[in-house]
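Below, each chain spelled out in residue letters.
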Amino acid sequence: MRRNTRVLLKYALVGGFVLLFLVLIVRSFNVVDRQNLIDGNPESLVQHRKQGSFFNGPKKNVHKKKIDWHDYKLIEAEQSRSGVGEHGKPGHLDKKDEEMQDKLFKKNGFNAVLSDLISLNRSLPDIRHPGCKKKRYLSELPTVSVVVPFYNEHWSTLLRTASSVLLRSPPELISEIILVDDCSTKEFLKDQLDRYVAENMPKVKVIHLPERSGLITARLAGAKAATADVLIFLDSHTEANVNWLPPLLEPIAEDYRTCVCPFIDVIAWDTFEYRAQDEGARGAFDWKFYYKRLPLLPKDLANPTEPFESPIMAGGLFAISSKFFWELGGYDEGLDIWGGEQYELSFKIWQCGGQMYDAPCSRVGHIYRGYAPFGNPRKKDFLTRNYKRVAEVWMDEYKEYLYTRDRKKYENTDAGDLSKQLAIREKLQCKPFKWFIEHVAFDLIEKYPPVEPPDFANGAIQSVASPNLCVDTLSHGEKETIGLFGCAADKAQPQANQFFQLSWHRDLRIKYGELCWDVSESIANAKILLYHCHGGQGNQLWRYDVDSQQIRQGKNNRCLDMDAEKRAVFVNPCSASNANQRWKWGYLNMTALRHWDSYGAKIIE
């Protein structure tokens, strides 16, 4: 009997040790999972915990009930606010702050000193179409995880992004805001940020990536950590405006295979003034993979408050159901840092059974930096590799039009392993790129032809009054002026600083580049600035008059003028007697110039 008792005790003791060991093992795995979540290890994050419960559960909005989602108490309270930057009005600094302004501008590309003087929850102007104020949206909408990747973002602009979302969103729809730190080097973006959001910003969490991985990987890390039905991606220097969320969510609530982009307004980098960029256009691209835009269709113009189809997203700000995002495989993990991701996602949304809209009644402000403060973290050409990955997987025979723009560069670029992306395309039975061009971006070929027509003129632009001087970029970049410099010996094929083209778009641009001459002022000696070519004519419309040798700007009888002594160029009213307004080109396409009205892009009235 004693022996049996001892055996039973022995087995009980061993069993207890085994049970204790198993408990410790399970707990250790949980600790590791939590630590990985804190450390931001993207490989360890669960991809979609809720599995899109809004879309997988019982059918929602059966009765199509719609309600008014506006927060009228907030709208009324904001009307009485006053202070720097309130109501989106421009702010200005005192002279004593200019030295610090310059120092922080070099780190951020915007007026960070002014940003710090503006409230994190400042009021914004309601610049929506008046019809948006009357719109109602479905009463049952999916929950949202807002993902905000950042690298060395300024304190106040980052927190203002999160604050604006919390302030202007129905609280029951916001599950979380995930700030993804792409291994920033600014110390205040580490423990100080973690403590601040924990103490002051409910629903906000921070993930710190262990190494600089780039925008695409940071977005993926945030998406993998998200728990809500819908993912909304925002840049880290944005401000959500009044009732911005329901217009983004309703099309997704109706069909989960839908992506919706807000209208992106401009927050001025120097004054933080909030203003409209425009009243909408459809996203597109040219065959160098520069983001472009197509005009709204008549049906869209007739319904200015309704979402409209857009072939290509701008990239940084959009909403998509978690379920559809992961069905598509998320972003291609082989895309490095940034670049090409908006084309990859746009193509596969459309080609793989989805749809994409812009929502005019959802507006989000975005700071367009005065300059880019961050260099290339890879010290190599990751952009061409990204573009080639997208082209090889999604563009079929149309990829050749991209490659012909720089054949040698693409031939020498290894796109890497594409098997996973090709498998996704095969699994989802995605449509060919020809279908996308013919049915979605059906007017893209006309506006941005794969094989561009010849220029009206190109080469050096030589002054007739001072033949030793030619127009020159002076090595300036975007938003900077051009001027005069000694002419190149070869005026038909000059160096890049003097190689211009009067393109078939009817703009005057740097040859082989994307910077155009732009005149926004109607004053004497109006400055000519280099701006990104938009193809919309207007401020960038130019014409060469062969008989008078004048280069005419716009439609108001204004011509390119110059001051040889100051080596400056500008625009003034045209004068036949002013020799300073006469110019010669390195090459003239006389056939095209004689048929100005019928050749080239359609003249916009």
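Residues numbered from 1 in each chain as written. Predicted model: local features only at pLDDT ≥ 70, side-chain atom pairs only at ≥ 80, totals over all residues. Heavy atoms only, no water.

- Where an unreviewed UniProt entry is consulted, the protein appears under the name Polypeptide N-acetylgalactosaminyltransferase, with the organism given as Culex tarsalis.
- Per UniProt, the protein carries the Pathway (unreviewed entry) text "Protein modification; protein glycosylation."
- UniProt annotates the protein under Cofactor (unreviewed entry) with the comment "Mn(2+)". (UniProt positions renumbered as here; feature names shortened; annotations may be inferred.)

Overview of the nonpolar core
Turning to step 1, where the next piece is worked out: The biggest cluster of nonpolar side chains holds 102 residues, and the ones touching the most others in it are I232, F285, F325, F347 and F436.
Turning to step 2, where the next piece is worked out: F436 has contacts with F285, P311, I312, F347, W350, Q351 and A441, leaving out every residue within four places of it along the chain.
Turning to step 3, where the next piece is worked out: Judged by nonpolar contacts, the second largest core, of 29 residues, contains V471, L484, A526 and L593. (Core = buried A, V, L, I, M, F, W, Y, C linked by side-chain atoms within 4.5 Å. Buried < 20%, exposed > 50% of the residue type's maximum accessible area, 1.4 Å probe, protein only. Contact = heavy atoms within 4.5 Å.)

Some thoughts on the packing of aromatic side chains
Turning to step 1, where the next piece is worked out: The full count for this structure, using the stated rule, is 36 aromatic pairs.
Turning to step 2, where the next piece is worked out: An angle of 20 degrees between the planes, with centres 4.4 Å apart, marks the rings of F289 and Y343 as stacked. You can see F289 sitting in the loop between β10 (282–285) and β11 (291–294) and its partner Y343 sitting in helix α12 (residues 341–351), a full 54 residues away along the chain. Across the pair, exposure class does not vary: F289 and Y343 are buried alike.
Turning to step 3, where the next piece is worked out: Measuring from centroid to centroid gives 6.0 Å for F499 and Y512, while their planes differ by 85 degrees, and the two rings are edge-to-face. Separated by 13 residues along the polypeptide, F499 in the loop between β17 (483–486) and β18 (500–502) and Y512 in the loop between β19 (508–510) and β20 (515–518) bring together distant segments of the chain.
Turning to step 4, where the next piece is worked out: Taking the relative accessible area as the measure of exposure, F499 reaches 7% and is therefore buried.
Turning to step 5, where the next piece is worked out: Residue Y512 is classed as exposed on the basis of its relative accessible area, which comes to 62%. (Phe/Tyr/Trp six-rings, centres within 6.5 Å; stacked < 30°, edge-to-face > 60°. Helix = DSSP H or I, 4+ residues; strand = E, 2+ residues; numbered from the N terminus.)

Considering the side chain of R506
Turning to step 1, where the next piece is worked out: Inspection of the secondary structure puts R506 in the loop between β18 and β19.
Turning to step 2, where the next piece is worked out: We note that R506 is buried and unpaired, the nearest opposite charge coming from D597 at a distance of 6.0 Å.
Turning to step 3, where the next piece is worked out: For R506, the residues in contact, after removing those within four places along its chain, are F456, Q537, Q540, L541, W542, W596, D597, Y599, G600, A601, K602 and I603. (Lys, Arg positive; Asp, Glu negative; His and termini not counted. Salt bridge = Lys/Arg side-chain N within 4 Å of Asp/Glu carboxyl O.)

Focus on the pattern of salt bridges
Turning to step 1, where the next piece is worked out: Summed over all chains, the structure comprises 31 salt bridges.
Turning to step 2, where the next piece is worked out: Residues D265 and R363 are paired through a salt bridge, measuring 2.9 Å at the closest nitrogen-oxygen approach. Taken together, the residues D265 in strand β8 (residues 258–267) and R363 in strand β14 (residues 355–367) connect sequence positions 98 residues apart. For the residue pair D265 and R363, the accessibility class agrees, reading buried in each case.
Turning to step 3, where the next piece is worked out: Two residues, E400 and R407, come together in a salt bridge whose shortest N-O distance is 3.0 Å.
Turning to step 4, where the next piece is worked out: Under the relative-accessibility criterion, E400 is labelled partly exposed at 33%.
Turning to step 5, where the next piece is worked out: One salt-bridge network, held together by shared partners, links K292, D507, R509 and E514.

So, the environment of E273
Turning to step 1, where the next piece is worked out: Mapping E273 onto the fold places it in the loop between β8 and β9 (274–275).
Turning to step 2, where the next piece is worked out: Along the chain, E273 and L124 lie 149 residues apart, while their C-alpha atoms are 9.5 Å from each other.
Turning to step 3, where the next piece is worked out: Setting aside its immediate chain neighbours within four residues, E273 contacts G88, K89, P90, V266, I267 and A268.

A few points about unusual backbone geometry
Turning to step 1, where the next piece is worked out: Here S475, not a glycine, exhibits a phi torsion of approximately 65 degrees, which is positive.
Turning to step 2, where the next piece is worked out: Structurally, S475 can be placed in the loop between β16 (469–472) and β17.
Turning to step 3, where the next piece is worked out: Judged by relative accessible area, S475 falls into the exposed class, the value being 59%.
Turning to step 4, where the next piece is worked out: Even without being glycine, N525 reaches a positive phi, approximately 55 degrees.
Turning to step 5, where the next piece is worked out: Counting through the fold element by element, N525 comes out in the loop between β20 and β21 (529–532).
Turning to step 6, where the next piece is worked out: With relative accessibility at 44%, the residue N525 sits in the partly exposed group.

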